[in-house]
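What follows is the residue order along each chain.
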Amino acid sequence: QLTPPPVPRVAVVLFVLKGKSVLLGRRRSSVGDSTFALPGGHLEFGESFEECAARELKEETGLDIGKREYLTVTNNVFVEAPKPSHYVTIFLRGVLVDPDQVPQNLEPEKCYGWDWYDWDDLPNPLFWPLEKMVRSGFSPFPTE
Ligand code: 8DG
Ligand code: MG
Ligand code: MG
């Protein structure tokens, strides 16, 4: 059985904004295990970024997101993982349809749990692509 050479993949992740807080989950994965990351996952064939973000959020947390907006893109090469991977990661933001909806941990084999974290008091350690953005001064919140 021939193993195809690895290729870059597209991921879409979402900043779910609630006041000054964002939704983060602690990863259960060979890539960034135990670090705090955004909800999101792989772009499927034919999907828009906005569709992917809403689908992944629903699958992972049960939450329903309102209108999504594109924020930025980063290029992330995970060489330290047992199986190296490379993601072009698209970041969107949005707010919940119902601000009182509570996140559920619907994929407990991939995540230790979801919670809201104040942007000015983020948990540690953050998943490194997110850590890098935060350090660069990036903010997912709309200005003014
Ligand atoms: P899927 O099968 O549901 O499509 O995928 P998943 O199991 O939900 O994938 P994931 O690891 O959550 O996301 C895919 C990749 O996206 C991940 O391996 C690396 C990249 N990625 C980043 N930053 C972030 C982030 O903050 N959160 C998530 N979930 N993935 C991120 O570069
Ligand atoms: Mg997923
Ligand atoms: Mg995911």
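Residues numbered from 1 in each chain as written. Chains lettered and ligands numbered in written order. Predicted model: local features only at pLDDT ≥ 70, side-chain atom pairs only at ≥ 80, totals over all residues. Heavy atoms only, no water.

1. A short note on the overall build of the protein chain
Thought 1: The helix and strand inventory of the protein chain stands at two helices and seven strands.
Thought 2: The helix and strand sequence of the protein chain, counted from the amino end, reads β-β-β-β-α-β-β-β-α.
Thought 3: Against the 2.2 N^0.38 benchmark of 15 Å for 144 residues, the protein chain shows a C-alpha radius of gyration of 15 Å, consistent with a compact globule.
Thought 4: Out of the 144 residues belonging to the protein chain, those deemed buried represent 44%.
Thought 5: Here the contacts in the protein chain between residues at least 6 apart in sequence split such that 69% fall between residues at least 24 apart.
Thought 6: A total of about 8400 Å² of accessible surface is found on the protein chain, and carbon and sulfur atoms cover 55% of it. (Helix = DSSP H or I, 4+ residues; strand = E, 2+ residues; numbered from the N terminus. Rg over C-alpha atoms; globule rule 2.2 N^0.38 Å. Buried < 20%, exposed > 50% of the residue type's maximum accessible area, 1.4 Å probe, protein only. Contact = heavy atoms within 4.5 Å. Areas by Shrake-Rupley, 256 points an atom, 1.4 Å probe, with all protein chains shown as cover.)

2. Let's talk about the coordination of the magnesium ion (ligand 2)
Thought 1: Those protein atoms acting as donors to the magnesium ion (ligand 2) are Glu56 (OE) and Glu60 (OE), and they sit at 2.0 to 2.3 Å.
Thought 2: A gap of 3.3 Å separates the magnesium ion (ligand 2) and the magnesium ion (ligand 3), which Glu60 links by coordinating each metal. One end of the pair is Glu56 and the other is Glu60, both in helix H1 (residues 49–61) and four residues apart, which spans about a single turn.
Thought 3: Judged by relative accessible area, Glu60 falls into the buried class, the value being 10%. (Donors = N, O, S within 2.8 Å, 3.2 Å for Na, K, Ca; no water.)

3. Brief notes about the environment of Val88
Thought 1: Of note, Val88 is situated in strand S6 (residues 85–96).
Thought 2: A relative accessible area of 29% means that Val88 is categorised as partly exposed.
Thought 3: Separated by 80 residues in sequence, Val88 and Pro8 place their C-alpha atoms 6.9 Å apart.
Thought 4: In contact with Val88, other than residues within four places in its own chain, are Arg9, Val10, Ala11, Val73, Thr74 and Asn75.

4. Some thoughts on the layout of surface pockets
Thought 1: Reported here for the largest pocket is a volume of approximately 1100 Å³.
Thought 2: What lines the largest pocket is a set of 42 residues, and nearest its centre among them are Arg27, Ser29, Val31, His42 and Tyr87.
Thought 3: Contributing elements (two or more residues each) for the lining of the largest pocket: strand S1 (9–18), strand S2 (21–27), strand S4 (40–42), H1, strand S5 (65–78), S6, strand S7 (111–118) and helix H2 (128–135).
Thought 4: With five residues, S6 is the largest single contributor of residues to the lining of the largest pocket. (1 Å grid on protein atoms, 1.4 Å probe; cavity = no way out; pocket = protein on both sides within 12 Å on 5 of 7 lines; lining within 4 Å. Points joined across faces, edges and corners; volume = space filled by probe spheres on them.)

5. Examining the side chain of Glu56
Thought 1: The exposure class assigned to Glu56 is buried, which follows from its relative accessible area of 8%.
Thought 2: Those residues in contact with Glu56, other than ones at most four positions away along the chain, are Gly40, Gly41 and His42.

6. Let's talk about unusual backbone geometry
Thought 1: For the bond from Asn124 to Pro125, the omega torsion is -10 degrees, close enough to zero to count as cis.
Thought 2: One non-glycine residue with positive phi stands out, namely Ser34, at about 70 degrees.
Thought 3: Residue position: Ser34 is located in the loop between S2 and strand S3 (36–37).
Thought 4: The exposure class assigned to Ser34 is partly exposed, which follows from its relative accessible area of 26%.

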